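Each chain is listed here by its residues.
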Amino acid sequence: MPKFVYDFTEGNKDLKDLLGGKGANLAEMTNLGLPVPPGFTITTEACRHYLKHGSLPEGLEEEVARHLSALEEAMGKRLGQSDDPLLVSVRSGAKFSMPGMMETVLNIGLNDESVHGLAAQAGDERFAWDSYRRLIQMFGKTVLDIEGELFEEALEDAKRAKGIDNDVDLDAGDFRALVDTYKGIVREHAGREFPTDPREQMDLAVKAVFDSWNADRAILYRRQERIPVDLGTAVNVCSMVFGNLGMDSGTGVAFTRDPASGQQGIYGDYLQNAQGEDVVAGIRNTVPLTELETIDKASYDQLLEIMEKLENHYRDMCDIEFTIERGKLWMLQTRVGKRTAAAAFRIACQLLDQGLITADEAVRRVTGDQLAQLMFPRFDASRADGATRLTKGMNASPGAAVGKAVFTSARAVELAERGEDVILVRRETNPDDLAGMVAARGVLTSRGGKTSHAAVVARGMGKTCVCGAEELDVDVKAGRFTAPGDVVVEEGEVISIDGSTGEVFLGEVPVQDSPVVRYFEGELGAADGDELVTAVDRIMGHADGQARLRVRANADNPEDAARARRFGARGIGLCRTEHMFLGDRRRLVEKLVLAETDDERRAALEALEPLQKQDFVGIFEAMDGLPVTIRLIDPPLHEFLPDLTELSVRVALAADDADPKDRKLLEAVHRLHEQNPMLGLRGVRLGLVIPGLFSMQVRAIAEAAAERRRAGGDPRPEIMIPLVGAVQELEAVREEAERVLADVAAETGVDVPALIGTMIELPRAALTAGQIAEAAEFFSFGTNDLTQTTWGFSRDDVEAAFFGRYLELGIFGVSPFETLDREGVGRLVRIAAEEGRRTRPDIKLGICGEHGGDPESVHFCHEVGLDYVSCSPFRVPVARLEAGRAVI
Ligand code: PEP
Ligand code: MG
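So, how was this worked out
- The numbers attached to residues start from 1 for each chain and follow its sequence in the written order.
- Think of it this way: whatever chain is written first is A, whatever ligand is written first is 1, and the rest follow in order.
- Residue-level local features of this predicted model are given only where pLDDT is at least 70; pairs of side-chain atoms are given and counted only at 80 or more, and the full residue set underlies all totals for whole chains, interfaces and linings.
- The numbering of helices and of strands both runs from the N terminus, where a helix is a DSSP run of H or I of at least 4 residues and a strand a run of E of at least 2.
- Placing C-beta atoms from the backbone, we regard two residues as in contact once those atoms come within 7 Å.
- Delimitation of the domains relies on an automatic or database domain assignment.
- Put plainly, a residue is buried at 20 or more neighbouring C-beta atoms within 10 Å of its own, exposed at 12 or fewer, and partly exposed in between, counting only other residues' C-beta atoms, which are placed from the backbone.
- Angles shown run from 0 to 180 degrees and are taken between the N-to-C directions of axes, each axis being a line fitted to C-alpha atoms and, for helices, limited to the stretch in contact.
- Here roughly perpendicular refers to angles of 65 to 115 degrees, roughly parallel to angles under 35, roughly antiparallel to angles over 145, and oblique to all remaining angles.
- Each helix crossing is assigned a hand: it is left-handed if the near helix lies turned anticlockwise from the far helix by less than a right angle, otherwise right-handed if that turn is clockwise.
- If DSSP finds at least two bridges between two strands, the strands pair.
- Only the C-beta atom matters for this test: placed from the backbone, it must lie within 6 Å of a molecule or strand for the residue to be near it.
- Each residue receives one of three labels: charged for Asp, Glu, Lys and Arg, nonpolar for Ala, Val, Leu, Ile, Met, Phe, Trp, Tyr, Cys and Pro, and polar for the others, Gly being one of them.
- The predictor reports its confidence for every residue as pLDDT, a score running from 0 up to 100.

Points about the overall build of the protein chain
Argument step 1. For the protein chain, the count of helices and strands is 35 helices and 31 strands.
Argument step 2. Projected onto the principal axes, the alpha-carbon positions of the protein chain cover approximately 105 × 60 × 55 Å.
Argument step 3. Within the protein chain, counting contacts between residues at least 6 apart in sequence, those at least 24 apart form 67% of the total.

Let's talk about the domain arrangement of the protein chain
Argument step 1. One can read the domain layout of the protein chain as domain 1 (45-239), domain 2 (250-339), domain 3 (377-513) and domain 4 (547-581 + 614-636 + 688-887).
Argument step 2. Here the C-alpha centre of domain 4 lies 30 Å away from the C-alpha centre of domain 3.

Some details on the environment of P855
Argument step 1. Secondary-structure assignment places P855 in helix α34 (residues 855-864).
Argument step 2. Take P855: there are 22 C-beta atoms within 10 Å of it, and that puts it in the buried class.
Argument step 3. Along the sequence, P855 and V206 sit 649 residues apart, while their C-alpha atoms lie 38 Å from each other.
Argument step 4. Excluding its chain neighbours within four sequence positions, the residues that come into contact with P855 are T367, G368, D369, V878 and E882.

Some details on the packing of helix α13 (residues 341-353) against helix α20 (residues 531-546)
Argument step 1. Interaxial distance between α13 and α20 falls to 9 Å at its minimum, and their mutual angle equals 70°. Comparing their axes, α20 and α13 come out roughly perpendicular. Considering how the two elements wind past one another, α13 and α20 form a crossing that is left-handed. Taken together, the residues of α20 that come into contact with α13 (itself represented by A342, F345, R346, A348 and C349) are E531, L532, A535, V536, R538 and I539.

With respect to the environment of E761
Argument step 1. With respect to the element layout, E761 can be found in the loop between β28 (755-760) and α29 (763-767).
Argument step 2. In this structure E761 comes out as buried when scored by C-beta crowding, with 26 C-beta atoms within 10 Å.
Argument step 3. Sequence-distant contacts of E761, that is, excluding residues within four places in its chain, are made with L723, G782, D785 and L786.

Some points on the pairing of strand β2 (residues 39-42)
Argument step 1. On β2, burial covers both faces: G39 and T41 on one face and F40 and I42 on the other are all buried.
Argument step 2. Inspection of the sheet shows strand β1 (residues 5-7) paired to β2 by three bridges, in the antiparallel sense. Its bridge partner being in β2, D7 is matched across the sheet by F40.
Argument step 3. Pairing between β2 and strand β5 (residues 233-239): four bridges, direction antiparallel.

What about the site of ligand 1?
Argument step 1. Taken together, L574, R576, D634, E761, G782, T783, N784, D785, C848 and G849 are the residues near ligand 1.
Argument step 2. Listing elements by their share of the shell around ligand 1, those giving two or more residues are β25 (572-576) and α31 (783-791).
Argument step 3. For the shell around ligand 1, the leading source of residues is α31, giving three residues.
Argument step 4. Residues of the shell around ligand 1, tallied by class, amount to two nonpolar, four polar and four charged.

What to know about the sheet that holds strand β26 (residues 627-631)
Argument step 1. Pairing within the closed barrel is parallel, and its eight strands lie in the order β24-β25-β26-β27-β28-β29-β30-β31. Going from strand to strand, the sheet's axes swing by 25° on average, the running direction of each strand aside.
Argument step 2. As defined by bridge partners, strand β24 (residues 550-554) adjoins strand β31 (residues 868-871) across four bridges and the pair is classed as parallel. Within β31, the residue paired with A553 across the bridge is C871.
Argument step 3. Contacts from helix α33 (residues 825-839) reach β28, β29 (778-781) and β30 (844-847), with the element oriented near 175° to β29.

Brief notes about the sheet that holds strand β12 (residues 388-392)
Argument step 1. Taken in spatial order, the eight strands line up as β12-β22-β21-β14-β15-β16-β17-β13 in an open sheet, and their pairing is mixed. Two strands close off the open sheet at either side, each with one partner strand: β12 and β13 (394-397). Sheet twist, expressed as the mean angle between neighbouring strand axes with direction ignored, is 30°.
Argument step 2. As judged from the four bridges shared by strand β21 (residues 494-498) and strand β22 (residues 503-506), these two strands associate in the antiparallel manner. Each residue of the ladder has a partner; that of S496, found in β22, is F505.
Argument step 3. Against the sheet, helix α16 (residues 409-417) engages β14 (400-406) and β15 (422-426), with an angle of about 175° to β15.

Observations concerning the confidence of the model for the protein chain
Argument step 1. When pLDDT is averaged along the protein chain, the result is 92; 98% of the residues meet or exceed 70.
Argument step 2. Scoring the predicted complex yields pTM 0.82 and, for the interface, ipTM 0.99.

A word on the pairing of β28
Argument step 1. Counting buried positions over the six residues of β28 gives five, a clear majority of the element.
Argument step 2. Across four bridges, the pairing between strand β27 (residues 716-721) and β28 is parallel. For I719, the partnering residue across the bridge sits in β28 and is I756.
Argument step 3. Inspection of the sheet shows β28 paired to β29 by three bridges, in the parallel sense. Among the inter-strand pairings, M759 is bridged to a residue of β29, identified as S780.

As for the environment of R48
Argument step 1. With respect to the secondary-structure elements, R48 resides in helix α2 (residues 44-53).
Argument step 2. For the pair R48 and A439, spaced 391 residues apart in sequence, the C-alpha to C-alpha distance is 55 Å.

Considerations on unusual backbone geometry
Argument step 1. Positive phi outside glycine occurs at R315, with the angle close to 55°.
Argument step 2. Note that R315 resides in the loop between α12 (297-314) and β9 (318-325).

Following this line, the structure appears as structure tokens:
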């Protein structure tokens, strides 16, 4: 039979799965010889059994009885003994800290008799009756499910009747009367008497703690923190010590370093004559921990000694809860403390310098998410007085942006050119909005999820974006949007958007710059005296040294490429060429689509080619000596044509006077219109259907590379074919591309080798990767489309439409567009990687979907043995750090 109960002397800090965090650490402290009130822990396994079967596992009750007897023996008194009662607390404690989410009952063991024993022993009637009424109150609420308000009201009534405001002015008689009132509440609302048998109190409290694992707020918290639903909680039964026995008693919390900044020092709060719950309830103000030195020097000195011991033992910053009972210090809890991102980096380096941890451990102590947090400008919430919160959308691309609301791309560009900060507000964005997005400080949309166009493009640019703010009604024509409460925001009014929380404000919230970005940009050095920057520099240096995965960037212009390189990218993994077909060049694309003869089409392509070539020259220059993967055009052509509805209306309104060019255009838009464009004429299919399109792009790449080579550069182009599902598609394009490369080499006299490879973004491609590798020198996993096609989830629609519900139902813990779905999409990646390598052992493997910058997904790519991940320039440092962390 498994062991369900561990005395504090039996466990240790590594048994968190079984004893929960609190229980494991109480045991660890006990074994370190620290003053921990004796007690025992009932395991999470017992909880899981109880939650599954609705009953306690066999043997648990006897095991508890045995441990209780041992505890009674050690304390020299029995639970609830009438003349000198042992009292215990029953506290929850799961593997992962879930602060305040589950239940605790204190003072178990008090009843109508033992309350007198406690009074006599403590020499304090008032304290004893106060403790008793607290028990009934907590027990009533937690175990018997009685509305807490009823007890609160009774307490308020008692104070009102006496004409006082403060609990401290109630005397023993008042609390005694309250005990009667509380018992009446229990009788009336629970339909039973308050149980006076101490063991029954304890057993019911244990079950209530188990049940609290499934309290609504606990479920919600776990979902947010991505804590697995099936862990269960342990229960700690601990002998009570009292911080409310007079002014020589008290309770407090302490941190071994400042959890906000990481600074070394004495941090914490103390409250005299109080129990922990009084601190939480904020009934009285605490004093800084340093004042304990004057209140009780002996306890203070002992506490500092213990804090040092704990930090050296855990080799990390700890937080601590303690109580002083009549001058005697007791440790009630410790754990490795939560900290801000900045503190995490600083503390890791401090501990490294103290010789407590190795450089590998220092890298493990920080996360990519923390680094990302440090890189975004943020709102200074302390100075947000002048702004009104309007709504909350999806936190699509972090950061903080302030500017005038504008509703069209053109207007955004116009105002930005005048030096104004603007926020582009749209229902949703499309490739046409790119110029406006570039010009704007941030982007706000009322529709679309985290992989919507707005979100992907904004993240790529490191631009703040809130998307899917569905409570907003955006009226682009009228140039205004309406927010809940009929707040109308007109063009030109200043709004602030927080891409880290999804919040939208009317008015200006001040923004702060990130020193960490200035460091990556090369504007701030490790030697400039900023402790955070120095810490980031050291940790990044070590992570880079350990990483096996390389990190490239998704970038499609020279500026982004240059920034990516400054941020540490080792090449470009995805250059989306369609982004070069926008703006003025749309006219040329229109000509291409409308061409009726080969000559017309050739002319349109010839006009586009030099423009493409110039783009590539700039990118090769920025990434000189490093690989640049250029993807040939992917989206359906209609995306470059005017909107069907708008054009139809224009033509219809003009009737007979309609511009013949518009009519022709409308015909083309109709011809190209697809019900399911994502599954339609795009990617390699376009290249095979529109003669000359891919050739033009390959020629532009080859000529650009030749030009760079002649200028003394070292261009390393890789040509990537999108949306391939069959090797035959790739073979056809490959042949054409090789011919063009050879032509250009002959014409220019410069031979620039270029790898030719494909994206793997369709399940069929993954499943036939062995064949496809015959024609591909590299694979790049396009996991945006691969997720879309594997799940059958439209990437532009589903997040806003129903992912909220799916997350609530626990169908997945995180959107598969955000973190790669290991079992499904990941399995296809594994298969393709293995089969690709079998055909072509030196095939290069990478990933360029949004997952390339997601920490969890980076670890997956490392495990599968990919050669690189590619992500937006701003995610490059995050991916570098995680690539290092994946190794150690
Ligand atoms: C992908 O599908 O993962 C990809 C990188 O291509 P895009 O997002 O441009 O479709
Ligand atoms: Mg794709």
